[in-house]
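Descriptive analysis of the structure
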Amino acid sequence: MLKRFFILCSGADRQLLDTCSEGEQTKYVGIGATVFFTAVMAFLAATYALFTVFDSIYPAVIFGLVWASLIFNLDRYIVSTLKKRDSFTNEVLQAVPRLVLALIIAVVISKPLEIKIFEKEIDAVLLSEQNKLALQNKKEVQTYFAANLQDIKSETDSLKAQLAAKEKEVNDLYSTYIAEAEGTKGTLKIGKGPVFKEKIAKHNTAKSELDSLRKITAAKLATLNENKQKLETEQESKIAQGKPIINKYDGLMARIRALNDLPALPSLFIMLLFLCVETAPILAKLLAPKGTYDYLLE
């Protein structure tokens, strides 16, 4: 039963092959088994690749079966249409396009399986990339809000400087009229004379202006602080919005890029292995001598 199934996979004419020797039949059983197991590997590769895209097993399995059927049909067609010729050069020429197609199929099949085989190493690369993206996202958001926050800071510093200057002016006027009353400066006369009254009047006027300025400045600073808090909250919200997107940076393309960042030699060996498997039936038919089945087919 299994033998007949693999002969079916090889694309050989079963009725003709039944009249051939056991060794001839075994050759085509091996070719058919290679075609079948290549399709199985294609199914596993496609299912895994599509699972990383859909995050659901059901559509991945369905599309994996479709892809495996396509690969099976292509491989079976490639092997069954490769006929033995009287000239080896003609056989090579007809095999070249089939070998190219087999190469493409081997690369397509091997890539998702490489991703699965090196999954742990790829996860480490993706984690590093996600951290870089998170830092880059934070930097870009901070840069976006930096101008507005800087304007608020500059205005706040300016208001505080104006208030400090006015407070210094009031303190200086206070020291001046006290020194006038004590007779240590100004007219050098102790007591509250006309000059003292003039200086204390200036102080009181400046003190009134200071009190008014404090109220106005306090209101402005409260508004600026509120605006600053709103901007900082919005900034944190923007940074947080990017985190789920960055955490989802583990799709098929991201994993392929991460695989390319790993050493190329192990990946190359796996690809060569699949290339050998995919081209084995073609090379076997190409290098094998013309057998009984080939003569009967003619």
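See above for the structure.
Described in the following lines is the structure provided in the data block. (Residues numbered from 1 in each chain as written. Predicted model: local features only at pLDDT ≥ 70, side-chain atom pairs only at ≥ 80, totals over all residues. Heavy atoms only, no water.)

Summing up its helical and strand segments, the protein chain has ten helices and zero strands in all. Reading the protein chain from its N end, one meets helices and strands in the order α-α-α-α-α-α-α-α-α-α. Taking 19 Å as the expected radius of gyration for a compact globule of 298 residues, we find that the protein chain reaches 42 Å, considerably beyond that expectation. Each of the three principal axes of the protein chain carries a C-alpha extent, and together these read 140 × 35 × 25 Å. Of all 298 residues assigned to the protein chain, the portion counted as buried reaches 32%. For the protein chain, long-range pairs separated by at least 24 residues make up 75% of all intrachain contacts whose partners lie at least 6 apart in sequence. Of the roughly 18,300 Å² of accessible surface on the protein chain, 63% is carried by carbon and sulfur atoms. For the protein chain, the distance from the average site of its 38 positive side-chain charges to the average site of its 34 negative ones is 5 Å. (Helix = DSSP H or I, 4+ residues; strand = E, 2+ residues; numbered from the N terminus. Rg over C-alpha atoms; globule rule 2.2 N^0.38 Å. Buried < 20%, exposed > 50% of the residue type's maximum accessible area, 1.4 Å probe, protein only. Contact = heavy atoms within 4.5 Å. Areas by Shrake-Rupley, 256 points an atom, 1.4 Å probe, with all protein chains shown as cover. Lys, Arg positive; Asp, Glu negative; His and termini not counted. Charge placed at Lys NZ, Arg CZ, Asp CG, Glu CD.)

Turning our attention to the packing of helix H3 (residues 22–54) against helix H4 (residues 57–80). Packed helices, taken two at a time, are described by the angle between their axes plus the distance between the axes. Direction vectors running N to C along H3 and H4 enclose 150°, while the axes themselves pass 7 Å from each other. The angle between the axes of H3 and H4 places the two elements in the roughly antiparallel class. As H3 runs across H4, the sense of the crossing is right-handed. Broken down by class, the residue content of the contact of H3 with H4 amounts to 21 nonpolar, three polar and two charged. (Axes fitted to C-alpha atoms, helices over the stretch in contact; angles between N-to-C directions. Parallel < 35°, antiparallel > 145°, perpendicular 65-115°, else oblique. Left-handed = near helix turned anticlockwise from the far one by under 90°. Nonpolar A, V, L, I, M, F, W, Y, C, P; charged D, E, K, R; others polar.)

Applying the stated rule across the entire model yields three cavities of 30 Å³ or more. The volume enclosed by the largest cavity comes to roughly 50 Å³. Taken together, Thr38, Met41, Ala106, Ile109, Phe274, Val277 and Glu278 make up the full set of residues lining the largest cavity. Within the residue set of the lining of the largest cavity, elements represented by two or more residues are H3, helix H5 (88–117) and helix H9 (264–287). Across the lining of the largest cavity, the residue classes tally to five nonpolar, one polar and one charged. (1 Å grid on protein atoms, 1.4 Å probe; cavity = no way out; pocket = protein on both sides within 12 Å on 5 of 7 lines; lining within 4 Å. Points joined across faces, edges and corners; volume = space filled by probe spheres on them.)

The grouping of Val96, Val100, Ile104 and Val108 at the surface amounts to a nonpolar patch, some 310 Å² of accessible area in total. Mapped onto the elements of the fold, Val96 is located in helix H5. Judged by relative accessible area, Val96 falls into the partly exposed class, the value being 41%. (Patch = residues over 30% accessible without salt bridge, like charges linked within 9 Å, V, L, I, M, F, W, Y side chains within 5 Å. Salt bridge = Lys/Arg side-chain N within 4 Å of Asp/Glu carboxyl O.)

Take the nonpolar core next. In terms of nonpolar packing, the biggest core is built from 26 residues, with Ile109, Phe118, Ile122, Leu259, Leu262, Phe274 and Ile282 touching the most fellow members. Looking at this core, the elements with two or more residues in it are H3, H4, H5, helix H6 (119–182), helix H8 (252–261) and H9. Among the elements that take part in this core, H5 stands out by supplying seven residues, more than any other. Discounting chain neighbours no more than four positions away, the residues touching Ile122 are Ile115, Arg255, Ala258, Leu259 and Leu262. If you look at the next biggest cluster of nonpolar residues, it comprises twelve residues, including Ile7, Leu17, Val35 and Val79. (Core = buried A, V, L, I, M, F, W, Y, C linked by side-chain atoms within 4.5 Å.)

Right, let's talk about the packing of aromatic side chains for a bit. As enumerated under the stated definition, the model contains six aromatic pairs in all. Look at Phe5 and Phe6: their rings are 5.7 Å apart centre to centre, the planes differ by 50°, and that puts the pair in the tilted class. Assessed through its relative accessible area of 10%, Phe6 is described here as buried. Relative to Phe37, the ring of Phe6 lies with its centre 6.2 Å away and its plane at 50°, an arrangement referred to as tilted. (Phe/Tyr/Trp six-rings, centres within 6.5 Å; stacked < 30°, edge-to-face > 60°.)

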